[in-house]
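# Coordinate inspection notes
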Amino acid sequence: MGEVLPDRFAVAGLGWWGVGPVEMAQAMTRNGDTCDSVILWNIRRRLDRLLMSSPFSGIEGLRRLNASCLSRHESYRAIFVVSPHRFSLRMLRSLKSRCAELVALIGDAPLGARRVETTNWSIFDRVLSADESWLRLIPDGCSVKGIMPWGSTLIDPALLSSDTYEPSSVVMVGSPYPERIELAKQLVGRSKLILQGTGWPNIPGVILRPSASRLATLEQIRANRELVVNVHHDQFDRGLNPQFYDFAAAGIPQVVVHADDIFTYRLGLDSLSQDRSFLDQDLLLDERIQSVNSELVAKVRNSYMFHSCIKRGLK
């Protein structure tokens, strides 16, 4: 292996509808480091979905890695692997030969990312989990394990410098999980309620809005001065999903609701957390929501951007 370049990183993984290797690499690059990205499989493409599930996935995946930009550089400080269960042992060995440290990132990843038993954990130098519940799934004796919130990969200067605001309506963003549908019904009539995403049923008294790109969604919410009800499904086990950090980084006020208890909400990180009765509050008039969100915006922008989280995770 050649000389390690301390400021060169790479991210490899799946390309999908959420935050993936490209967005992570852009966030690292914007903060002064050099970071390459490789999309192993783009699951928005039917052919890639078929190849990924075929008996030839290991061969094709290795071919793609060897043909990628990773082969043009002698060594990386670290290569981060997102959705590591999609990488064969030969593919991981190929990546490990090109870096000083091979790091698995696990958390909010699509298509069966909790199938940890199919992952070759022993080859990783470090495993960083976005949430405690994911970390508990990793076998004992595996590498260096730690919790690393993914933080926000937002890089738009206008959004990152925008002040928070007093909201005039409420929005829920994402897929219509049963707990989200139930909560939407509970909120009908309390304020103007918008449901943004694909597949939502018609609920009397709410406005349906089609899904949009990640950046367009943040801009739309800000333009309409909306309060986000951010419902975490149970994979986060009372952690915080990546959307939480994006909303805060963009200066968007939000309320976090956990799927296992839709009648309480929690605002914030660490000492800013506070449980309260969710359905007993007028969300648009609750001064606690406004004051805590102002603190959260500053805290996320200063300490919970993806680049900052990565650097802490590598210490």
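Residues numbered from 1 in each chain as written. Predicted model: local features only at pLDDT ≥ 70, side-chain atom pairs only at ≥ 80, totals over all residues. Heavy atoms only, no water.

### Re helix α3 (residues 57-67)
Among all positions of α3, only E60, G61, L62, R64 and L65 are buried. Buried residues in α3 make contact with β2 (34-42), α2 (46-52) and α4 (89-96). (Buried < 20%, exposed > 50% of the residue type's maximum accessible area, 1.4 Å probe, protein only. Helix = DSSP H or I, 4+ residues; strand = E, 2+ residues; numbered from the N terminus. Contact = heavy atoms within 4.5 Å.)

### A few points about the nonpolar core
Formed by 45 residues in total, the largest nonpolar core has its most connected members in F80 and L105. The element that contributes the greatest number of residues to this core is helix α9 (residues 242-249), accounting for 5 residues. Residue contacts for L105: discarding those within four places in its chain leaves M24, F80, V81, V82, S83, P84, L128, M148, W150, F306 and I310. A10, C69, L92 and F124 belong to the second largest nonpolar core, which has 30 residues in total. (Core = buried A, V, L, I, M, F, W, Y, C linked by side-chain atoms within 4.5 Å.)

### Some points on the packing of aromatic side chains
Counting across every chain of the model gives 4 aromatic pairs. An angle of 90° between the planes, with centres 5.2 Å apart, marks the rings of F244 and Y245 as edge-to-face. With respect to burial, F244 and Y245 carry one shared label: buried. Each ring, one from Y245 and one from Y304, has its centre 5.9 Å from the other, and the planes form 25°; the classification is stacked. One end of the pair, Y245, is in helix α9; the other, Y304, is in the loop between α10 (287-303) and α11 (306-313), and 59 residues separate them in sequence. A relative accessible area of 3% places Y245 in the buried class. Taken together through their ring pairs, the aromatic side chains of F244, Y245 and Y304 make up a single cluster. Lying across the ring of Y304, R312 places its NZ or CZ 5.3 Å from the centre. (Phe/Tyr/Trp six-rings, centres within 6.5 Å; stacked < 30°, edge-to-face > 60°. Lys NZ or Arg CZ within 6 Å of the ring centre and 35° of its normal.)

### Brief notes about the side chain of S162
Here S162 shows up in the loop between α6 (157-160) and β7 (169-173). A distance of 2.6 Å separates a polar atom in the side chain of S162 from the backbone oxygen of A158. If we ignore the near neighbours within four places in the chain, the residues touching S162 are R222, A250, G251 and R301. (Polar contact = N/O pair within 3.5 Å; in protein donor to acceptor, adjacent residues only side chain to side chain.)

### Focus: unusual backbone geometry
Phi at S83 is positive, roughly 60°, even though this residue is not glycine. Judged by relative accessible area, which is 2%, S83 ranks as buried. One non-glycine residue, R225, adopts positive backbone phi at about 55°. Here R225 is to be found in the loop between α8 (214-223) and β10 (226-232).

### Side note on the pairing of β7
Two faces belong to every sheet, and in a regular strand the side chains alternate between them. Of all 5 residues in β7, 5 are buried, a share of seventy percent or more. Of the two faces of β7, the one lined by S169, V171 and V173 and the one lined by V170 and M172 are each fully buried. With 3 bridges joining them, β7 and β10 adopt parallel strand pairing. Each bridged residue has a counterpart across the sheet, and for S169 the counterpart in β10 is E226. (Pairing = 2+ DSSP bridges.)

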